[in-house]
Amino acid sequence: MATVLVTGANGEIGHGLLQAMAERGGHRVIALDLHAPDASVRDLCHRFVVGDILDVPLLRTLAAEHDFDQIFHLAALLSTKSEREPTLAHQVNVNGTLNLLELAVSLARRLGRSVRFLYPSSIAVYGLPSLEAKRAEGRIGEGAHLAPRTMYGINKLYCEQLGRYYSLFYRQLDAETPRGKVDFRGIRFPGLISAVTVPTGGTSDFAPEMLHHAAQGQPYACFVRPDTRIPFMAMPDAVQALVRLAAAPVERLSRQVYNVASFSPTAAELEHRVRAAFPAWSMTYEPDVKRQAILDSWPEDTDDSAARSDWGWAPEYDLDRAFDGYLLPGVRARYGVA
Ligand code: AKB
């Protein structure tokens, strides 16, 4: 049975990942989060630790108690919150990740085997220079426009490189090269939409916010223009991508960080689908010029052909199926509405 550490376990991706691992079985999950577990996740893991990824003694204790095979490092401050608190974002997103990579490499060296490290990166690592360039480029690959304009995007891009260093070059001048290594694997997620959790501090949050406001009958002032287009994904597909990449034989992987994509609607197309389900709902557009500028620097779509060919990535949810098969049934159940 694989022993798995999940940081940020009480977060949006964490909820879905713990659920998926409990359903699949075969994992002993040690969950770590700054906040106490929601009732929906408390019983899905072997152990839930309330603690901080900046607490190095705590991480050392966990590594002494559990021989982790895999680490899903989900804890992070998202883009909008990171712009409001950039130094805190660097501490959590970078120093926190460094702490987890140190835990992984020391464990791998002690055990003499690899420790798989799954890292959710983001489309925020991309930075298109203008809205015109964004529209002209359309779908972009992993090597293009790596010029992020947010602290979060810079954090994510740097931590991708940290992961590559810990996997390939860590302490490269040492006389001995131990057998145990970190097997770092990153995924650049688009905006994620969950039916069961509400977003916290992302710039892509306008999509889930529309849905959750409408399902509660709450008016919504959308902070982006109607023509704003970025890639999105239903949360179950994001979880499936992490689980599938974690299980892939390392020989299949041609890169350490992958794009994944599902659908790229405009805000107006999302509004249309939400309104079709909740006709009485009222929504206005009140663009926040500064948050809009961040979205105008993110790509319209990303090329995920490497993920599809290397480890069999394929989304289950396109836009229609995401709404009809997951989002609308999910929010109706969550808020008890028809
Ligand atoms: C955010 O909006 O910050 C995140 C992301 C796109 O990585 N959801």
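Predicted, not measured: the structure shown is a model, and the values here were computed from it.

What counts, and where the lines are drawn
Residues numbered from 1 in each chain as written. Predicted model: local features only at pLDDT ≥ 70, side-chain atom pairs only at ≥ 80, totals over all residues. Heavy atoms only, no water. Pairing = 2+ DSSP bridges. Helix = DSSP H or I, 4+ residues; strand = E, 2+ residues; numbered from the N terminus. Axes fitted to C-alpha atoms, helices over the stretch in contact; angles between N-to-C directions. Salt bridge = Lys/Arg side-chain N within 4 Å of Asp/Glu carboxyl O. Buried < 20%, exposed > 50% of the residue type's maximum accessible area, 1.4 Å probe, protein only. Near = heavy atom within 4 Å. Polar contact = N/O pair within 3.5 Å; in protein donor to acceptor, adjacent residues only side chain to side chain. Areas by Shrake-Rupley, 256 points an atom, 1.4 Å probe, with all protein chains shown as cover. Nonpolar A, V, L, I, M, F, W, Y, C, P; charged D, E, K, R; others polar. Parallel < 35°, antiparallel > 145°, perpendicular 65-115°, else oblique. Left-handed = near helix turned anticlockwise from the far one by under 90°. Contact = heavy atoms within 4.5 Å. Arc of directions from axis to C-beta.

Just to check I follow, could you spell out the sheet that holds strand 5 (residues 115-122) for this structure?
Strands pair in a sheet through their backbones, by hydrogen bonds, and they do so in one of two ways: parallel or antiparallel. Read from one edge to the other, the open sheet built from seven strands follows the order 3-2-1-4-5-7-11, with strand pairing classed as parallel. Strands at the two margins of the open sheet, each flanked by one partner only, are strand 3 (47-50) and strand 11 (257-259). Each strand axis lies, on average, 20° off the axis of its neighbour in the sheet, ignoring direction. Of the strand pairs in this sheet, strand 1 (residues 2-7) and strand 2 (residues 27-33) are connected by six bridges, and their pairing is parallel.

Mind showing me how you'd approach the pattern of salt bridges here?
A side chain with one charge may pair with a side chain of the opposite charge, provided their charged atoms come close. A full pass over the atoms with the stated rule returns 17 salt bridges. Among the salt bridges present, the one from Asp 296 reaches Arg 225, with a minimum N-O distance of 2.9 Å. With Asp 296 in the loop between helix 11 (289-295) and strand 13 (301-302) and Arg 225 in the loop between strand 9 (220-222) and strand 10 (232-234), this residue pair connects regions lying 71 residues apart in the sequence. Overall, Asp 296 belongs to the buried group, its relative accessible area being 12%. Two residues, Arg 308 and Asp 304, come together in a salt bridge whose shortest N-O distance is 2.8 Å. With a relative accessible area of 40%, Arg 308 lands in the partly exposed category. A cluster of three or more residues bridged by salt bridges with shared partners is formed by Arg 135, Arg 225, Asp 227 and Asp 296.

For this particular structure, what's the right way to read the site of the ligand?
Around the ligand, the neighbouring residues are Leu 78, Ser 79, Ser 122, Tyr 152, Gly 202, Thr 203, Ser 204 and Trp 298. In this structure, an oxygen atom belonging to the ligand sits 2.7 Å away from a side-chain N or O atom of Ser 122. Here the ligand, which alone exposes 250 Å², has 92% of that area covered by the protein. Residues belonging to the shell around the ligand are distributed by class as follows: three nonpolar, five polar and no charged.

I would appreciate a short explanation of the packing of helix 10 (residues 267-277) against helix 13 (residues 319-335) in the present structure.
Angle between the axes and distance between the axes: these two values describe a pair of packed helices. Where helix 10 meets helix 13, the closest approach of the two axes is 11 Å, and the angle between their N-to-C directions is 50°. By the angle between their axes, helix 10 is oblique relative to helix 13. As for the relative orientation of helix 10 and helix 13, their crossing is right-handed in sense. On helix 13, the residues that touch Leu 270, Arg 273, Val 274 and Ala 277 of helix 10 are Leu 319, Asp 320, Phe 323, Leu 328 and Arg 332. Of the residues belonging to the contact of helix 10 with helix 13, the class tally is six nonpolar, no polar and three charged.

Before we go on, may I ask you to explain the environment of Arg 185 in this structure?
Relative to the assigned elements, Arg 185 resides in strand 7 (residues 182-189). Not counting chain neighbours up to four residues away, the residues in contact with Arg 185 comprise Arg 116, Phe 117, Leu 118, Tyr 119, Leu 245, Ala 246, Ala 248, Pro 249, Val 250, Leu 253 and Gln 256. From its side chain, Arg 185 meets the backbone oxygen of Ala 246 in a polar contact 3.5 Å long.

I'm lost on the side chain of Arg 188 in this one. Help?
By the element assignment, Arg 188 lies in strand 7. We classify Arg 188 as buried; its relative accessible area is 3%. Within the structure, Arg 188 has its side chain in polar contact with the side chain of Glu 160 (distance 2.7 Å).

For this particular structure, what's the right way to read helix 10?
Residues that lie three or four places apart on an α-helix share one face, since the helix turns once every 3.6 residues. For helix 10, every residue scored as buried is listed here: Ala 267, Leu 270, Glu 271, Val 274 and Ala 277. Projection of helix 10 onto a plane perpendicular to its axis shows the buried side chains occupying an angular sector of 125°, all on one side. Relative to its buried face, helix 10 has exposed residues pointing more than 90 degrees away, namely His 272 and Ala 276. Its buried side turned inward, helix 10 meets helix 8 (206-215), strand 10, strand 12 (283-285) and helix 13.

Honestly, the environment of Leu 88 in this entry has me stumped. Any pointers?
Within the secondary structure, Leu 88 is located in helix 5 (residues 86-111). When the C-alpha positions of Leu 88 and Leu 77 are compared, they lie 8.4 Å apart, and in sequence the two are 11 residues distant.

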